[in-house]
Amino acid sequence: MPHFAEGIARFQREVFPAKAGLFARLATAHRPGTLFIGCSDARVVPELITQTDPGELFVIRTAGNLVPAHTPGTDGVTAAVEYAVTVLGVRDIVVCGHSACGAMTALAEGHDLSAAPAVAAWLRHADASLARAAAGGTVDVAALVRENVAAQLANLATHPSVARALAAGEVRLHGWVFDIADGTVEELPVTASPVLAA
């Protein structure tokens, strides 16, 4: 990991001094305007894609950019969503899928995930996406990626904090698909309804 030490040294020497004022403000204030929910894939870097500064995005990254529908109890995704909406007051929430997604490819191609049972269980949160994408027979990965973004936006709207903010017009949902090969970002239509969840 010597390249990490080199990168940290370069950050401290070249990047931090140019943004010292920003970091001084961020040391005492945390007010991101957008919650960005993306895939854990190392090729999809929200701050790089959006060209945002530190402090602008509150980021949740999960395999397949999955957001489980709200259920009683707590989990890390639910807690982070609730914090972003209720405490930080984000005004926009982006769910961003991407081309060549390993999670969506595994589902589309029916990969054997028996050696990765936690991954297999996690990907069950994309069952609705897979069912819609498979309606025509074979499953196209690109189509599944888009269906999955729509399904995760719908799941997101079941979270009480999000449902309340949607109903009050305090937050907007956005669905994106990032193409790794050409760097484009496609904005998808959003159909998640602001129905209050119990």
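Residues numbered from 1 in each chain as written. Predicted model: local features only at pLDDT ≥ 70, side-chain atom pairs only at ≥ 80, totals over all residues. Heavy atoms only, no water.

Colleague: Give me the lowdown on a nonpolar patch on the surface, citing residues and values where you can.
Modeller: Together, Phe11, Val15 and Phe16 make up a nonpolar patch on the protein surface, roughly 230 Å² of accessible area in all. Relative to the elements of secondary structure, Phe11 occurs in helix α1 (residues 2-15). What makes Phe11 partly exposed here is its relative accessible area of 32%. (Patch = residues over 30% accessible without salt bridge, like charges linked within 9 Å, V, L, I, M, F, W, Y side chains within 5 Å. Areas by Shrake-Rupley, 256 points an atom, 1.4 Å probe, with all protein chains shown as cover. Salt bridge = Lys/Arg side-chain N within 4 Å of Asp/Glu carboxyl O. Helix = DSSP H or I, 4+ residues; strand = E, 2+ residues; numbered from the N terminus. Buried < 20%, exposed > 50% of the residue type's maximum accessible area, 1.4 Å probe, protein only.)

Colleague: Explain the pairing of strand β4 (residues 172-178) to me, using residue names and the numbers behind them.
Modeller: With 6 of 7 residues buried, β4 is to be regarded as a mostly interior element. Taken together, the 4 bridges between β4 and strand β5 (residues 185-188) define a ladder with antiparallel strand orientation. Considered in β5, the bridge of Gly175 is made with Leu188. Hairpin geometry of β4 and β5 is characterised by an intervening segment of 6 residues between the two adjacent antiparallel strands and by a positive phi of about 75 degrees at Gly183. (Pairing = 2+ DSSP bridges.)

Colleague: Could you give an account of the nonpolar core, naming the residues involved and the relevant values?
Modeller: Within the largest apolar cluster, 38 residues are counted, with the highest numbers of intra-cluster contacts made by Leu35, Ile37, Val81, Ile93, Met104, Leu156 and Val162. For this core, the elements supplying multiple residues, two or more each, are β1 (34-39), β2 (57-62), α4 (76-87), β3 (92-98), α5 (102-108), α8 (141-156), α9 (160-167) and β4. The greatest single-element share of this core, amounting to 6 residues, is contributed by α8. Residue contacts for Leu35: discarding those within four places in its chain leaves Phe58, Ile60, Val81, Ala84, Val90, Asp92, Ile93 and Val94. Ranked by size, the runner-up nonpolar core spans 7 residues in total, among them Val44, Val94, Trp176 and Phe178. (Core = buried A, V, L, I, M, F, W, Y, C linked by side-chain atoms within 4.5 Å. Contact = heavy atoms within 4.5 Å.)

Colleague: How would you explain the confidence of the model for the protein if you had to name every residue and give the values?
Modeller: In this model, the protein carries a mean pLDDT of 93, and residues with pLDDT of at least 70 account for 96%. Scored below 50 in pLDDT, residues 192-198 makes 18 contacts in the model with residues more than four places away or belonging to other chains. (pLDDT = per-residue confidence, 0-100.)

Colleague: Would you mind going over the pattern of salt bridges in detail, with residue names and values included?
Modeller: A full pass over the atoms with the stated rule returns 8 salt bridges. Notably, a salt bridge pairs Asp53 with Lys19, separated by 2.7 Å at the nearest N-O pair. Of this pair, Asp53 sits in the loop between α3 (46-50) and β2 while Lys19 sits in the loop between α1 and α2 (20-26), and the two are 34 residues apart along the sequence. When the shortest N-O distance is used, the salt bridge between Arg132 and Glu147 registers 3.1 Å. One end of the pair, Arg132, is in helix α7 (residues 127-133); the other, Glu147, is in helix α8, with 15 residues separating them in the sequence.

Colleague: Could you give an account of the packing of aromatic side chains, with specific residues and numbers?
Modeller: For any pair of aromatic rings, the description consists of the separation of the ring centres together with the inter-plane angle of the planes. Inspection of the entire model under this criterion finds 5 aromatic pairs. Taking 6.1 Å as the distance between ring centres and 65 degrees as the angle between the ring planes, the aromatic pair formed by Phe11 and Phe16 counts as edge-to-face. Ring centres of Phe58 and Tyr83 lie 5.9 Å apart, and the angle between their planes is 40 degrees; this geometry places the pair in the tilted category. Remark: Tyr83 occurs in helix α4 and Phe58 occurs in strand β2; sequence separation between them is 25 residues. For Phe58, a relative accessible area of 16% gives the class buried. An aromatic cluster is present here, built from Phe11, Phe16 and Phe23 joined pairwise through their rings. (Phe/Tyr/Trp six-rings, centres within 6.5 Å; stacked < 30°, edge-to-face > 60°.)

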